[in-house]
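Breakdown of the fold
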Amino acid sequence: MPGNSFGKLFTITTFGESHGPAVGVVVDGVPAGLRLSQEDLEFELSFRKPGRLYVSGRREKDIPEILSGVYNGRTTGSPIAIVVRNTDVISSFYEEVRVKPRPGHADLPFIMRYGYENWDYRGGGRSSARETVGRVAAGAIAKKLLMFHDTWIAGRLKSLGPLDSPPADFLGILCSKYSPVRASDPDTEAKFQELVKQATVEGDSYGGVAEIVARNPPAGLGEPVFDKIKADLAKAILSIPAVTGFEYGLGFQASRMKGSEANDSIVRKGEKLGWRENKAGGILGGITTGEDIVVRCSFKPTSSIRKPQGTVDLRTGEPAEISVLGRHDPAVAIRGVSVAESMVAITLVDHSLRSGVIPPVKLEERQAEVIEDRWRRYMEECRPTAESQ
Ligand SMILES: Cc1cc2nc3c(=O)[nH]c(=O)nc-3n(C[C@H](O)[C@H](O)[C@H](O)COP(=O)(O)O)c2cc1C
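All of the points below concern the structure found in this document. Note that this is a predicted model, so its numbers are computed, not measured.

Conventions and cut-offs
- Residues numbered from 1 in each chain as written.
- Predicted model: local features only at pLDDT ≥ 70, side-chain atom pairs only at ≥ 80, totals over all residues.
- Heavy atoms only, no water.
- Helix = DSSP H or I, 4+ residues; strand = E, 2+ residues; numbered from the N terminus.
- Rg over C-alpha atoms; globule rule 2.2 N^0.38 Å.
- Areas by Shrake-Rupley, 256 points an atom, 1.4 Å probe, with all protein chains shown as cover.
- Near = heavy atom within 4 Å.
- Polar contact = N/O pair within 3.5 Å; in protein donor to acceptor, adjacent residues only side chain to side chain.
- Nonpolar A, V, L, I, M, F, W, Y, C, P; charged D, E, K, R; others polar.
- Pairing = 2+ DSSP bridges.
- Buried < 20%, exposed > 50% of the residue type's maximum accessible area, 1.4 Å probe, protein only.
- Contact = heavy atoms within 4.5 Å.
- Axes fitted to C-alpha atoms, helices over the stretch in contact; angles between N-to-C directions.
- Left-handed = near helix turned anticlockwise from the far one by under 90°.
- Disulfide = S-S within 2.5 Å.
- Parallel < 35°, antiparallel > 145°, perpendicular 65-115°, else oblique.
- Core = buried A, V, L, I, M, F, W, Y, C linked by side-chain atoms within 4.5 Å.

Quick look at the overall build of the protein now. For the protein, the count of helices and strands is nine helices and 18 strands. Taking 2.2 N^0.38 as the reference for a compact globule, 389 residues should give roughly 21 Å; the C-alpha atoms of the protein span a radius of gyration of 21 Å, in line with that estimate. In terms of overall dimensions, the protein has C-alpha extents of about 70 × 55 × 50 Å along its principal axes. Per element, the accessible surface of the protein, about 17,700 Å² overall, is 54% carbon and sulfur.

In this section: the site of the ligand. Looking at the ligand, there are 15 residues lining it, with His105, Ala242, Lys300, Ser304 and Asp329 nearest. Measuring from an oxygen atom of the ligand, one finds a backbone N or O atom of Ser127 at 3.2 Å. Considering the ligand on its own, with 630 Å² of exposed area, one finds that the protein chains cover 84% of that surface. Of the residues contributing to the shell around the ligand, the split by class is five nonpolar, seven polar and three charged.

Here we take up the sheet that holds strand S8 (residues 152–160). Strand order in the open sheet formed by five strands is S9-S8-S10-S16-S11, and the pairing between neighbours is antiparallel. Looking at strand neighbours, the two that pair on one side only are strand S9 (163–164) and strand S11 (243–248), the edges of this open sheet. Relative to S9, S8 runs antiparallel, the two sharing two bridges. Along S9, the bridge assignment pairs Ser159 with Asp164.

Attention now goes to the side chain of Asp62. Along the chain, the position of Asp62 falls in the loop between helix H1 (38–45) and strand S4 (64–66). By relative accessible area, Asp62 is classed as buried at 3%. For Asp62, the side chain forms a polar contact with the side chain of Arg130, separated by 2.8 Å. Not counting residues within four places of it along the chain, the set of residues in contact with Asp62 comprises Glu42, Leu45, Arg48, Lys49, Pro50, Val84, Arg130 and Val133.

To continue, consider the packing of helix H6 (residues 229–238) against helix H8 (residues 332–354). Where H6 meets H8, the axes come as close as 9 Å, and the angle between the chain directions of the two elements is 145 degrees. Here H6 runs over H8; the crossing is right-handed. Counted together, Ile229, Asp232, Leu233, Ala236 and Ile237 of H6 and Ala340, Met343, Val344, Thr347, Leu348, His351 and Arg354 of H8 form the full contact between these two elements. Taken together, the residues that form the contact of H6 with H8 break down as eight nonpolar, two polar and two charged.

Below, the discussion takes up the state of the cysteines. For the structure shown, the criterion picks out one disulfide. Through a disulfide, Cys175 is tied to Cys382; the S-S separation comes to 2.2 Å. The sign of the -75 degrees torsion about the S-S bond sets the Cys175-Cys382 disulfide as left-handed. With Cys175 in helix H4 (residues 170–175) and Cys382 in the segment after helix H9 (365–380), the pair connects residues that are 207 residues apart, well separated along the chain. Of the residues examined, Cys175 reaches a relative accessible area of 28% and is grouped as partly exposed.

The topology assignment puts Ser239 in the loop between H6 and S11. Taking relative accessible area as the criterion, Ser239 reaches 34% and is therefore assigned partly exposed. In this structure the C-alpha to C-alpha distance between Ser239 and Ala340, which are 101 residues apart in sequence, comes to 9.8 Å. When near neighbours in sequence (up to four residues on either side) are disregarded, Ser239 contacts Arg135 and Met343.

In terms of residue burial, strand S3 (residues 22–28) counts as a mostly covered element, since five of its seven residues are buried. Of the strand pairs in this sheet, strand S2 (residues 11–16) and S3 are connected by six bridges, and their pairing is antiparallel. Across the sheet, residue Phe15 finds its bridge partner in S3, namely Gly24. In textbook terms, the turn of a hairpin is the stretch between consecutive antiparallel strands, and for S2 and S3 this stretch comprises five residues.

Time to look at the packing of helix H3 (residues 132–146) against H8. Where H3 meets H8, the closest approach of the two axes is 7 Å, and the angle between their N-to-C directions is 50 degrees. Regarding the angle of H3 to H8, the classification is oblique. The two elements H3 and H8 meet at a crossing, and its hand is left-handed. Residues Thr132, Arg135, Val136, Ala138, Gly139, Ala142, Lys143, Leu145 and Leu146 of H3 lie in contact with H8, whose contacting residues are Ser338, Val339, Glu341, Ser342, Met343, Ala345, Ile346, Leu348, Val349 and Ser352. Looking at the contact of H3 with H8 residue by residue, the class counts come to eleven nonpolar, five polar and three charged.

Right, let's talk about the nonpolar core for a bit. Core analysis: the biggest nonpolar cluster contains 79 residues, and Phe10, Val27, Ile141, Ile237 and Leu348 have the highest contact counts within it. Those residues in contact with Ile141 that sit more than four places away from it in its chain are Phe10, Val27, Val30, Leu34, Leu36, Leu41, Ile80 and Ile82. In terms of nonpolar packing, the next biggest core, distinct from the first, is built from seven residues, Val97, Ile111, Ile322 and Val324 among them.

Geometric descriptors of this kind do not, in isolation, establish any biological role.
Here's what the structure looks like:
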């Protein structure tokens, strides 16, 4: 299978370029009977949308058109094609990039792999994170389908540059979607905002760490040995542009601990067995334990910065400088949170179908209604009221 598709039973294929007519996704393997509307997709896309404070100024409406696989508001079991038109494209910013590849970007590697004559340099072409619109649209379907098991996915920006945030409960993490910098508490939000403003003034950027939690996941997901859930989550997350690292549970911290510190006691939790502190982040032996899944990923600082950087002029082969113009995220990690949430959801729903937790062909009427109720509650959770704004 070529590199633009992901998943085995719930498969996504994304398409489109930054400055082409549209981006989108084809999602296959969705059981029939799931209620699905444009509003569901728009809701998730709104948290990835550019054109807001502290993120890229590109003013995209990001309206998803469902072209297939849905009839009378229900999925039919056929492939669901979703298209999002690109409406705010300014390619003139990229004339210089055509001859001076940008540091930190895929420009030169794309030229090396596909040939200069085949390279769509406009806005980064296919390597642009505009592609992740398709992932978030597919993520909306995956998140909704996971509600079959009452599994909810949420994410926050745990750290930005040198600033970290205190631990947060699930609701705090879920509500961070309404923070313009994806912070999970007001103090951290103010600090993150200051840092982003500073970066914008300096013509520079910051990286950050996103933390994603899947609450109440099914136990038993993951196929040892190569399709362990940790391996598939790592692939899903590391395929996101600008992601440089992946960890779950104790992650890299575990390497500095003793076994007695890293182990987690097995305890009785009512009728079930569980783990006292969930240090393993919901995964042992590559199989979900039923405890919440906790993954983190690091995003590098945005490569496109105004500060001049060294490159080579492809016309002359001589050293050159480039100061990258255009509309860019001062910290890609902010919008990266919703992309990471989506990739976690897509991976978990694929494995839920593979292990038989979610029926692969058709949802019963009652099951679809329960999902719809949970989804409505999810969409209303944390929504700012007129007084709180
Ligand atoms: C949601 C999102 C938005 C992004 N926006 C920008 C941006 O505005 N400017 C930029 O230089 N990189 C941005 N990136 C990252 C680049 O697409 C990425 O660094 C580049 O394609 C090189 O790929 P690599 O970092 O994975 O090696 C963004 C990434 C994500 C996930």
